[in-house]
Amino acid sequence: GRAKANHWLPVDLYVGGAEHAVLHLLYSRFWHKVLYDRGHLPCPEPFQRLVNQGMILGEYEYHVTPAAFEANTAALSAQGVEGVFRKADGDKPATHVLRVGGANLPDEMIEKKKGKSFLKGTDVELTGRADKMSKSRGNVVNPDDIITEYGADSLRLYEMFMGPLEAVKPWSTKSVEGVYRFLTRAWRLVVDDTAEELKLHPAVTDAAPDKDTLRVLHRTIQKVGDDTEGMRFNTAIAAMMEFVNHVTKLEARPRSVLEPFVLLLAPYAPHAAEELWRALGRGPTLAYEPWPPHDPALTKADEIEVPVQVNGKLRARLRAPAEIDDKALEAAALADEAVKAHIAGKSVKMVKVVPKKLVNVVIAG
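Rules behind the numbers
Residues numbered from 1 in each chain as written. Predicted model: local features only at pLDDT ≥ 70, side-chain atom pairs only at ≥ 80, totals over all residues. Heavy atoms only, no water. Salt bridge = Lys/Arg side-chain N within 4 Å of Asp/Glu carboxyl O. Helix = DSSP H or I, 4+ residues; strand = E, 2+ residues; numbered from the N terminus. Buried < 20%, exposed > 50% of the residue type's maximum accessible area, 1.4 Å probe, protein only. Expected span 1.5 Å × (residues − 1). Contact = heavy atoms within 4.5 Å. Phe/Tyr/Trp six-rings, centres within 6.5 Å; stacked < 30°, edge-to-face > 60°. Lys NZ or Arg CZ within 6 Å of the ring centre and 35° of its normal. Pairing = 2+ DSSP bridges. Axes fitted to C-alpha atoms, helices over the stretch in contact; angles between N-to-C directions.

Q: Help me out: how do you make sense of the pattern of salt bridges in this one?
A: Side-chain pairing between opposite charges can occur once the charged atoms of the two side chains come close. Under the criterion given, the structure shown has 20 salt bridges. Residue Arg-317 is joined to Glu-305 by a salt bridge in which the shortest nitrogen-to-oxygen separation is 3.6 Å. With Arg-317 in strand β15 (residues 313–321) and Glu-305 in strand β14 (residues 303–310), the pair connects residues that are 12 residues apart, well separated along the chain. Taking relative accessible area as the criterion, Glu-305 reaches 42% and is therefore assigned partly exposed. Salt bridges sharing common partners tie together Glu-61, Arg-86, Arg-99, Arg-129 and Asp-131.

Q: Can you help me understand helix α9 (residues 233–248) in this one?
A: Counting along an α-helix, one turn takes 3.6 residues, and residues three or four places apart therefore face a common direction. Between the first and last C-alpha of α9 there are 23 Å, a value that for 16 residues agrees with the 22 Å anticipated at 1.5 Å per step. Taken together, the buried positions of α9 are Phe-233, Asn-234, Ala-236, Ile-237, Ala-239, Met-240, Met-241, Phe-243, Val-244, His-246 and Val-247. Looking at the buried side of α9, the elements it contacts are α6 (152–161), α7 (173–190), α8 (211–229), β13 (253–254) and α10 (255–265).

Q: Explanation requested: the packing of aromatic side chains in the structure shown.
A: The description of an aromatic ring pair rests on the distance of the ring centres and on the angle between the ring planes. All told, the structure shown has seven aromatic pairs when counted by the stated rule. Between Tyr-14 and Phe-47, the ring centres sit 4.6 Å apart and the planes meet at 50°, which makes this aromatic pair tilted. Remark: Phe-47 occurs in the loop between α2 (24–37) and β2 (50–52) and Tyr-14 occurs in strand β1 (residues 14–16); sequence separation between them is 33 residues. Taking the centre distance of 4.9 Å and the plane angle of 90° together, the rings of Tyr-158 and Trp-171 count as edge-to-face. Of this pair, Tyr-158 sits in helix α6 while Trp-171 sits in strand β11 (residues 169–171), and the two are 13 residues apart along the sequence. The same class applies to Tyr-158 as to Trp-171, namely buried. Directly above the ring of Phe-118 sits Lys-113, whose terminal nitrogen or CZ lies 4.7 Å from the centroid.

Q: I keep staring at the sheet that holds strand β16 (residues 348–354) and nothing clicks. Help me out?
A: The strands making up a sheet are joined through hydrogen bonds of the backbone, oriented either antiparallel or parallel. Taking strand neighbours across the sheet as the criterion, the four strands line up as β15-β14-β17-β16 in an open arrangement whose pairing is mixed. Two strands bound the open sheet, and with one partner strand each, they are β15 and β16. Each strand of the sheet is rotated relative to its neighbour by a mean of 20°, with strand direction disregarded. The sheet contact formed by β16 and strand β17 (residues 358–363) spans six bridges and is antiparallel.

Q: What am I meant to see in unusual backbone geometry here?
A: If a residue is not glycine, its phi is most likely negative; likewise, a peptide bond is most likely trans. Omega for the peptide link from Leu-9 to Pro-10 comes to -10°, which places this bond in the cis form. Of note in this structure, Lys-114 is not a glycine but carries a positive phi near 50°. Residue position: Lys-114 is located in the loop between β8 (110–113) and β9 (116–119). Relative accessible area serves as the criterion here: at 87%, Lys-114 is assigned to the exposed category. Unlike most non-glycine residues, Asn-311 shows phi in positive territory, near 50°. For Asn-311, the location among the structural elements is in the loop between β14 and β15. Owing to a relative accessible area of 40%, Asn-311 belongs among the partly exposed residues under this scheme.

Here's what the structure looks like:
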């Protein structure tokens, strides 16, 4: 027992809901400290790091007051809108949740006027909110239905893409489609989806990638690695989406770029990634493959574009070496023909340089 405790403790990372703080965490820490004081455990705390994940709320719903519902029954009914009565709950008053064919109101039936929401074509004011999922509210989303419709990888990916891990966020089944489309595009980068069997896309080649593609790959490896480590899963997925957009446009898709990308995708969409690995003709599983390395030198741009303003108005865009210093950037801006034309005959009062981002020339008059 002692050898196992020495090997496994303390736990590197504990991810749990905030409601665990009073129950599970209190007792796990309490018993751990008792056992530590008795000399049975090697460390005073059971967990090195604690992260509370945010709750996923139900779909965003539109409500009207019972009085407004009664007064507008005919107008609502004419548009096929039904009301599901929801009784008062804590600080939330009684309302009617509006539904069309059993589903939430579609966006096209809602219009904004002076910062408020109304049912389109009526004066019926709507209150929008997302509530905690519960059977009594009838807003529970069954993950089995999402898996049947979009697959387990899409469900997993969407939950990570919704926003920061710690944030409370509303569910949106419609938004799952966006993540599903990304996975489909990632799949089609590698797989020929016109073939009957799992077959490599004809655009996949052993040719070396161009400089731009190599830079995109290494930036993606760095970004996804850093964000995964920092549990910023949503921005890691956004970086993978940008990578897929870039490679989709290429006539030839280098295998040496696709293989590392599949390894980046694997923790996020493990089932699809395993299939893609197999399509690329690699071993039986990617589970034991190391994380792909990145070359910091390849993540830097050779050139940057710097806007030049004269008295706050954009007058030129400079192409400059990525490592250019402020003095050289100022000199290049003042030497630009378009900028010179705008300051001709006038005195330069000040040149403000935002390093590698912007040059603002202030002239008199």
